[in-house]
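Summary of the model geometry
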Amino acid sequence: MKIAVRYYSRSGNTKRVADAIATAAGTAAETIDRPVGGQVELLFVGSGLYAGKIDKALRGFLQGLEPSKVKRVAVFSTSMSGTSAHAEIKKILDERGIAVANEFFHCPGKFLLFNGKHPNDKDLEAAAKFARSFAASVKKKK
């Protein structure tokens, strides 16, 4: 079983969530600058939202994923607005033929004067719980 975590973060909010997810899943969080190597049973992909959209760098990363190498994706995100990146990421990956879980993790992210204490410890524990749930489902299939 191989689990990988990739993220895009401008402010550090999504990086904090990615680190919590990776620790809970027993792997390392990597930025999208590092390609996904080999076969991956479960790929956690995360991003912040910027003016309501994912960054074009993440869009390019997603469009470059190979369906033969990535079996399933679980999405996580942060944003000031409360809107998740799930729908946008799912649309891109559906077009690539990569399965995306319907369940996703999203929490507020600090931006300027908004959401000043997020992601907080409670958010990070919820992210870890999300990751453990998906990682357990992968382990059961082995």
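Cut-offs applied
- Residues numbered from 1 in each chain as written.
- Predicted model: local features only at pLDDT ≥ 70, side-chain atom pairs only at ≥ 80, totals over all residues.
- Heavy atoms only, no water.
- Helix = DSSP H or I, 4+ residues; strand = E, 2+ residues; numbered from the N terminus.
- Contact = heavy atoms within 4.5 Å.
- Polar contact = N/O pair within 3.5 Å; in protein donor to acceptor, adjacent residues only side chain to side chain.
- Phe/Tyr/Trp six-rings, centres within 6.5 Å; stacked < 30°, edge-to-face > 60°.
- Buried < 20%, exposed > 50% of the residue type's maximum accessible area, 1.4 Å probe, protein only.
- Lys NZ or Arg CZ within 6 Å of the ring centre and 35° of its normal.
- Pairing = 2+ DSSP bridges.
- Right-handed = clockwise from strand over helix to strand, strands pointing away.
- Core = buried A, V, L, I, M, F, W, Y, C linked by side-chain atoms within 4.5 Å.

Mapped onto the elements, Thr 27 comes out in the loop between α1 (13–25) and β2 (29–31). With 25 residues separating them in the primary sequence, Thr 27 and Lys 2 have C-alpha atoms 8.9 Å apart. For Thr 27, the contacting residues outside a window of four places in its chain are Ile 3, Val 5 and Ala 22. A polar contact of 3.3 Å, which involves the side chain of Thr 27, links it to the backbone oxygen of Ile 3.

Tallied over the full model, the rule gives five aromatic pairs. Residues Phe 105 and Phe 130 carry aromatic rings whose centres are separated by 6.1 Å and whose planes lie at 40° to one another, so their mutual orientation is tilted. One end of the pair, Phe 105, is in strand β5 (residues 99–108); the other, Phe 130, is in helix α4 (residues 121–141), and 25 residues separate them in sequence. Each of the two residues, Phe 105 as well as Phe 130, counts as buried. Among the aromatic residues, those joined into a ring-pair cluster are Phe 44, Phe 105, Phe 130 and Phe 134. A cation over a ring is seen here: Arg 10 above Tyr 50, with NZ or CZ 3.9 Å from the ring centre.

Moving on: the pairing of strand β4 (residues 72–79). The two faces of a sheet get side chains in turn, since along a regular strand they alternate between them. Across the eight residues of β4, seven count as buried, placing the element largely inside the fold. Relative to β4, strand β3 (residues 42–48) runs parallel, the two being bridged by six bridges. Note that in β4 the partner of Phe 44 across the bridge is Ala 74. What joins β3 to β4 is helix α2 (residues 56–63), and the crossover it makes is right-handed.

As for its placement among the helices and strands, Ala 74 is situated in strand β4. Once you skip the residues sitting within four places of it in the chain, Ala 74 turns out to touch Leu 42, Leu 43, Phe 44, Val 45, Phe 130 and Phe 134.

Grouped together as the largest cluster of nonpolar side chains are 24 residues, with contacts concentrated most on Val 5, Val 17, Ile 21, Phe 44 and Phe 76. Elements supplying a minimum of two residues to this core: β1 (3–8), α1, β3, β4, β5 and α4. Residues in contact with Val 5, not counting those within four places in the same chain, are Ala 18, Ile 21, Ala 22, Thr 27, Ala 28, Ala 29, Glu 30, Leu 43, Phe 44 and Phe 76. Counting residues in each nonpolar core, the second largest holds 23 residues, with Tyr 8, Leu 43, Val 73 and Val 75 among its members.

This next bit is on the pairing of β3. Of all seven residues making up β3, seven are buried, and the element is well covered by its neighbours. Alternating positions in β3 separate into two faces, Leu 42, Phe 44, Gly 46 and Gly 48 on one and Leu 43, Val 45 and Ser 47 on the other, with burial throughout. As judged from the six bridges shared by β1 and β3, these two strands associate in the parallel manner. By the bridge assignment for β3, Tyr 8 is matched with Ser 47.

Everything listed here is a matter of geometry and, on its own, says nothing about what the molecule does.
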